Amino acid sequence: MTVELVSAMAGPVGVRERALAPDLARGLMLALIALANSVVYLYARPYGVRQHIVGDGLVDRIVSVVTVTTVDGRAYPMFAALFAYGVVQIMQRQRAAGASLADAKRLLRRRSWWLVAFGFAHALLLFPGDILGLYGVAGFILVALTGVSDRKLLIAAGCWLFVVALVQGAAYMAPPSGERSFFWSFETADPWRAMALRPFEWLMTPAGVLGVGSAVLVGTWAARRGVLADPAAHRTLLVRTAVAGLTTAVVGGLPAGLAVGHFWAPDTTLALWGISALHAVTGVAGGLGYAALIGLLAIRARGPVVTALAATGQRSLSCYLFQSVVFVALLAPWTLGLGATISTGVVALLALGTWLVSVALADLLRRAGWRGPAEIVLRRLTYRRGKMTV
């Protein structure tokens, strides 16, 4: 006899059920992601510290200092903490709906596999610095850590920072030589050759964003306590995290920022290792600080701007992919090729402009009652109903 069994799993979270703070954080976070990713598309000029191309103009140098100090290595840890927060929320929602632990884990693993697939497609077609695949892998790890205590999570997060410092310091300790060493596809005019290179570059990406590991663990801890679901109840924690995290990020990121902006020149390999290691480790604190700050803003912030930003956060996957489409269309050598000529300051304006367009589009989708296209696909692939033969 064949019987179709509908599982007790809950479907995707409805708009009215969503907490404001995580969505607002994701929406604002995408502005930082745009700033961080856009500079990678510059090419055809000598690069400097941390693989940045910076012109001689004072404005470009100042923009580089600001973005490296406050965005570079700070945006993705924030993204990672919010990703982990969302994974825990999905687990909690499934369990509350009556799903077994095994079924909830199965759903999260399926979602993680599809994130890896999305990431590969994104890297192959558009951007080899894709982070979706790494978050898919992180999803598998989070499922495995379901029963791990909060104390062990925080200890592991702290210990992982030593690995971050070692690897990130080593990755950028070679003195600039004037030749690009990462992302060869960005200087390749042949679109097919560039496509062939991108999957290999994608496999190198985890080494460049190791700091997300610690952020994922802390984000898991925060989700278990519902820190962003009820920010008012955790105001003291959020204030301390925002102040300490952002101060640490600025102080720790300024040496690398000044070096990138040509305001000082580290003259030894040890100095290059030191500023890169410090920059990476303090970036984790910065990412958590940004998330805490936005959580505080969500306590009282309301109005059409906040609604539009939250709508962007609800469609963060689609908006993230939209950024890559715009950057490739304008900057890549096999399209308009503007990445060979525009300055650091101009590309920062382009990044913020692209983000603002995505906010406007997300709000239009909200008004129409539509989810983002990428979210629709991922949710349908993740929440399909299972069938069992008895």
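Residues numbered from 1 in each chain as written. Predicted model: local features only at pLDDT ≥ 70, side-chain atom pairs only at ≥ 80, totals over all residues. Heavy atoms only, no water.

To continue, consider the overall build of the chain. Tallying secondary structure elements over the chain gives 14 helices and zero strands in all. Each helix (α) and strand (β) of the chain, taken in turn from the N terminus, gives the series α-α-α-α-α-α-α-α-α-α-α-α-α-α. Here the chain has a C-alpha radius of gyration of 21 Å; the compact-globule value for 390 residues is 21 Å, and the two agree. Principal-axis analysis of the C-alpha atoms gives the chain an extent of 70 × 45 × 40 Å. Residues counted as buried form 51% of the 390 residues belonging to the chain. Within the chain, counting contacts between residues at least 6 apart in sequence, those at least 24 apart form 84% of the total. Carbon and sulfur atoms make up 69% of the accessible area of the chain, which totals about 17,400 Å². Where the 34 positive side-chain charges of the chain centre and where its 17 negative ones centre are 12 Å apart. (Helix = DSSP H or I, 4+ residues; strand = E, 2+ residues; numbered from the N terminus. Rg over C-alpha atoms; globule rule 2.2 N^0.38 Å. Buried < 20%, exposed > 50% of the residue type's maximum accessible area, 1.4 Å probe, protein only. Contact = heavy atoms within 4.5 Å. Areas by Shrake-Rupley, 256 points an atom, 1.4 Å probe, with all protein chains shown as cover. Lys, Arg positive; Asp, Glu negative; His and termini not counted. Charge placed at Lys NZ, Arg CZ, Asp CG, Glu CD.)

Turning our eyes to something else, we now look at the nonpolar core. Counting 85 residues, the largest nonpolar core has Tyr76, Met78, Phe79, Ile131, Tyr135 and Tyr320 as its most contacted members. In terms of residue count, helix α3 (residues 75-96) provides more of this core than any other element does, 14 residues in total. With near-sequence residues (within four places) excluded, Met78 lies in contact with Ala25, Met29, Leu32, Gly287, Tyr290, Ala291 and Ile294. Residues Val49, Val54, Ala259 and Ile275 belong to the second largest nonpolar core, which totals eight residues. (Core = buried A, V, L, I, M, F, W, Y, C linked by side-chain atoms within 4.5 Å.)

On to helix α12 (residues 316-331). Note on helix geometry: an α-helix contains 3.6 residues per turn, so any two residues three or four positions apart are oriented the same way. Compared with an ideal rise of 1.5 Å per residue, which puts 16 residues at 22 Å, α12 spans 22 Å between its outermost C-alpha atoms and is within 8% of the ideal. For α12, every residue scored as buried is listed here: Ser316, Leu317, Ser318, Cys319, Tyr320, Gln323, Ser324, Val326, Phe327, Val328 and Leu331. (Expected span 1.5 Å × (residues − 1).)

On to the pattern of salt bridges. A side chain with one charge may pair with a side chain of the opposite charge, provided their charged atoms come close. Considering all chains together, one arrives at six salt bridges under this definition. As a salt-bridge pair, Arg224 and Asp150 come within 2.7 Å of each other at their nearest N and O atoms. In this pair, Arg224 sits in helix α8 (residues 212-224) while Asp150 sits in helix α6 (residues 150-171), placing the two residues 74 residues apart along the sequence. Judged by its relative accessible area of 28%, Arg224 is partly exposed. Arg367 is the salt-bridge partner of Asp363, the closest N and O atoms lying 3.1 Å from each other. Taken together, the residues span about one helical turn, with Asp363 and Arg367 both in helix α13 (residues 344-368) at a distance of four residues. By relative accessible area, which is 10% here, Asp363 ends up buried. (Salt bridge = Lys/Arg side-chain N within 4 Å of Asp/Glu carboxyl O.)

With that settled, the discussion passes to the packing of aromatic side chains. For the structure shown, the criterion picks out twelve aromatic pairs. The interplanar angle of 20 degrees and the centroid separation of 5.6 Å between the aromatic rings of Tyr41 and Phe127 together place this pair among those described as stacked. Here the residue Tyr41 occupies a position in the loop between α1 (20-38) and α2 (58-70), and Phe127 occupies one in the loop between α4 (101-125) and α5 (132-144), the gap between them amounting to 86 residues. Taken individually, Tyr41 and Phe127 each receive the classification buried, so the pair is uniform in this respect. Grouping aromatic residues by their ring pairs yields a cluster made of Tyr41, Phe127, Phe183, Phe186 and Phe327. Over the aromatic face of Phe263 sits the side chain of Arg61, whose NZ or CZ is 4.2 Å from the ring centroid. (Phe/Tyr/Trp six-rings, centres within 6.5 Å; stacked < 30°, edge-to-face > 60°. Lys NZ or Arg CZ within 6 Å of the ring centre and 35° of its normal.)

In a regular helix each residue adds 1.5 Å, so 26 residues correspond to 38 Å; helix α9 (residues 235-260) covers 36 Å between its end C-alpha atoms and thus fits that length. Restricting attention to buried positions, one finds in α9 the residues Leu238, Ala242, Gly245, Ala249, Gly252, Gly253, Ala256, Gly257, Ala259 and Val260. His262 sits one or two residues past α9 and shows a positive phi near 65 degrees.

Our focus in this paragraph is the side chain of Asp363. A polar contact of 2.7 Å, which involves the side chain of Asp363, links it to the side chain of Arg366. When neighbours within four sequence positions are excluded, Asp363 is seen to be in contact with Thr307, Ala308 and Ala311. (Polar contact = N/O pair within 3.5 Å; in protein donor to acceptor, adjacent residues only side chain to side chain.)

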